[in-house]
Every structure is written in structure tokens, then in C-alpha cells.
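Structure at a glance
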Amino acid sequence: MVTADFITKRHFAAYEVSMSGEPDSTHAPGKGKVLVASSATVQPTDMSNGKGKKRRGRVPSFINPLTGRPTSLALAVIILAAVLIVYLMSRAKGGGSADSIDERAKNPKFQHILVPADDPRGLNVADEVNFPHVQRPNVAGQDEAVGKALAFPKIPPPPGRKPLPQAPDANRKKPELPRDPPPKPKEFPVNVIRKPNLLCPDKPYVLFLVVCLPNEVLARTAVRRTWGAPNGIAEAKSLALSWRAVFVMGRTAAKDDQIERESNNYGDILQGEFDDLSSEVTRKVMLGFQWSDKDIPDSCRPLYVFKTNIRVYINLPLIVPWIQDKLKMASNLYVGKMLREDRPIRDTQDPLYVPNQDYPGNVFPNLARGPLYMLSMDVVQRMVPHFGSVTPIAMEDAYVGVLANYVGAPITNDDHFVLLKKPKNFCHYRHMMFVFDIEPTELVHVYKVVEEKHRYSECTDRGF
């Protein structure tokens, strides 16, 4: 009979062996018992068969506690150690040592591998060879003869197949992309190619000078169909002021025909004879100011001039009451988001670079930050005669600020001109005077939100 007793958590098994095969009640306690101890930890017996309980991992053992023989894990470790020892011994014996290479150098069949046959410094097999003192040829160019001997021959490509392109040299400088030429604000005045055919409204109005590029055709169309035309705004008749939008640009030869068609159809193009660039804003503003002062008759002169760009939405039903109520239709106005102690750009690689001779100061006077600001017409008329005495610079908003300071027009700071990010909730558009950095398709969407606000009952329900 075999019995087993488990004592605590250690694996102590007591086996009682009966020689007769039958239980013996008179057998003395502890007689004929063999204790077998194991270092493995055994979990207590669980009557629930281990369901719903997490078992601990057992410590691997190299010796079977019952049989006393090595386990499969021990055999695997022994085999791995033997393989590693054999590998290290074979490598130390002569795989890469200097002595083994010297022996190979003495062997004639390795002579052509270590030193080329046409090398004038070829090794003599009969001589004593000491490999550490053999001078290695420098293929980079110290010894041209040895370099040519060790170089791989160039195999021409098969007939009819183009050679593969060579890998680019890491030390070779990448070709720089062509840069736009710098703007030339000092080359003014310029010849005017096309002028607007401005229809004078029957009441005072605001002139919007919209700076753009000739190739921004879709953006100009979006402005004309939305806020740019007074007949597109439902509340235009009830407002005390009207408005006109004029697109100011330079010249791009590829778009001459397109610009001519737009000018004939809409009469809202002011184009100067200079190569247009995205950084060529100063001359466009000067051109717009000069045209509004010299070419518009006194009977049709606007009260205010807004400078903006093609990527701004103007909410006219909010701007006109703002001019009436807050600004009180005043004169000598220069309004925008004030920028204090702005500094000129002295980096010669920047397209808005300002040389010291053009503006020797280190700090600009307080100015209205672009791309949007407003001036009363009397301030514009005082600025235009000083285009020649105040040197134009590429930083357009800074130049207008310098001119305003020169003619004695202090800046009026207004938070409506802050460059805000586009709100995710379209209801906010109804209460924004300006929406910046907007695409043509987005501009049409904002226009519909503002104009058809009576259809958006959810905006009023939320209190917007």
C-alpha cells in the first residue's frame, strides 16, 4: 500500500510500502517509510479544480525530483553550452588571428588574394612573412596602381538596356529650389495697366482695397458673389453706408487674358505694371492709395478705406453700425489691431528684408497689424504726397504705420481686428466682423450662414 502525506507547502512525500501487498495495522509508525524532499513549491490541493483562481508560475527545475534524472531543459542548456564552447575554441584556434593569416600568406594558393599579381611590391613566398608589418594598400588614392588592381572591373550593361543610375553622393549639396525675386517697393510710381470703372453710389461709402494675385480667379469670384457687391447683402438698403470692393494686383503674363475679361465684365480691377509676387504688397497698397486720391473725383470720394486681402470675409451688416456708433463717423482715423514695438527684419534671405539705409531705426512706431486695417480718406490723402520722402519698405503694414506717424494720425486699437481662428460652431460667424484665412468655398458657406440666419433656429435656441 502506498500513502502520501503533504506537510505544509514543501513537497515531502512519505511512501509506506507493504511487502505483503496488504495493509498491516500492527506496522510501527515510521517504519519502512522513505522521505523524498523536493525544492519545488507545490500548490495546495484545490477541491474546486482550480477554476476561477490564478496559479503562480513554477520555478524551472533541472533535476526531476522523483527520478533524479536531468530534465529536458537541463539537456537543452548543456547542448547550447557545448556548441558555444566549440565555436569559441575554433575561432581562437585560427579563424582570424594574425598567426593564421601569416600561415595563409606563406601558402602560394592564397598569394593572389592577399596581394595582387601585378603589385610591384608583391610578397615573396620564400621570405619570412610577418602580417602585422605588411602595408595595406590605400584604394582611396595613395597608390593608384594598387587601387586599380583592387578595383572591381566595370561591366557594361547589356545592349538595349539603359545603365542603372548611380547612387547620389552624400557630400554633394542638394540643388536649391529657385526663390522668388525680392519685392521692389522703392520702384514707385508704376504704370497703371487697368483701372476700375467705379460706379458712384447714392450715399457715402467705404472703399475696400482687396490685395490679391492674378491667378486667384476663384477667390475673386467668391468675393463678388458674397460680401463684395452691395446687392448681395439683404440689409444693404437699410444701412447708412454703402461699399465698393476693388482688387489690386500686379501683372502675370500667363493671366493677362483672364484679367482683361474680368476687368471688362466687372470693372473692379486695379493692375500695375510690375511682376506680381505674394510679398509684393507695399506697392499694391501705394497703388490703391494713389488711385483713390488722384483718380476718384471729389463728388465720389469714399469716407474710409479698408485694406484687406482675398482670404478675409467682411461682415458688412456689423461693420457699418460699428463705424456709425463707435467711431462716430470721425476723421483722422487709423484703426486696427495695434502692434507695439515691432522690429524691422534684418535677415537678408527674408523677402521682407529691410536694409538699414531704408529704415535706420530699431523699432517701428505703433502700427496696425496686417492684413486688415482701416483709414479715413483724409489720412490717405495726407499720406500719398510723402511716398517719395518716406522710403518704402517691404513690410507693408509697418510702412503704413510709419506714414501714419509721419502725418500725425495716431492709431486706434480695436479688438475686432484680432486674428482669430475659425470657430467650429458656424453660429459664431454671425457675430464676427471679420473671418480670416478662409478658402473660397468656405467664404460662400460663411456668407450663407450670415445671410440666411433666419433659417438657423438652432443658433437662436442656443443663445448665439
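Residues numbered from 1 in each chain as written. Predicted model: local features only at pLDDT ≥ 70, side-chain atom pairs only at ≥ 80, totals over all residues. Heavy atoms only, no water.

The protein chain has the name Hexosyltransferase in an unreviewed UniProt entry, where Acanthaster planci is given as its organism. Taken directly from UniProt, the Subcellular location (unreviewed entry) text for the protein chain runs: "Golgi apparatus membrane". For the record of the protein chain, the UniProt heading Sequence similarities (unreviewed entry) holds the text "Belongs to the glycosyltransferase 31 family." (UniProt positions renumbered as here; feature names shortened; annotations may be inferred.)

Comments concerning the pairing of strand β12 (residues 373-376)
Here β12 shows a buried face lined by Tyr373 and Leu375 and a second buried face lined by Met374 and Ser376. Note that strand β7 (residues 304-309) and β12 share 4 bridges and pair antiparallel. Among the inter-strand pairings, valine 305 is bridged to a residue of β12, identified as leucine 375. Inspection of the sheet shows strand β9 (residues 334-336) paired to β12 by 2 bridges, in the antiparallel sense. If you follow valine 335 over to β12, its bridge partner there is methionine 374. (Buried < 20%, exposed > 50% of the residue type's maximum accessible area, 1.4 Å probe, protein only. Helix = DSSP H or I, 4+ residues; strand = E, 2+ residues; numbered from the N terminus. Pairing = 2+ DSSP bridges.)

A short note on the environment of serine 389
Inspection of the secondary structure assignment puts serine 389 in the loop between α9 (377-383) and α10 (396-407). For the pair serine 389 and leucine 403, spaced 14 residues apart in sequence, the C-alpha separation works out to 10.0 Å. A polar atom in the side chain of serine 389 sits 3.3 Å from the backbone oxygen of histidine 386. (Polar contact = N/O pair within 3.5 Å; in protein donor to acceptor, adjacent residues only side chain to side chain.)

Topic: helix α11 (residues 440-451)
When the terminal C-alpha atoms of α11 are compared, their 17 Å separation across 12 residues agrees well with the 16 Å that a helix rising 1.5 Å per residue should span. The complete set of buried residues in α11 reads Pro440, Leu443, Val446, Tyr447, Val449, Val450 and Glu451. Packing partners of the buried residues in α11 comprise α5 (217-225), β8 (313-314), α8 (316-325) and β14 (434-435). (Expected span 1.5 Å × (residues − 1). Contact = heavy atoms within 4.5 Å.)

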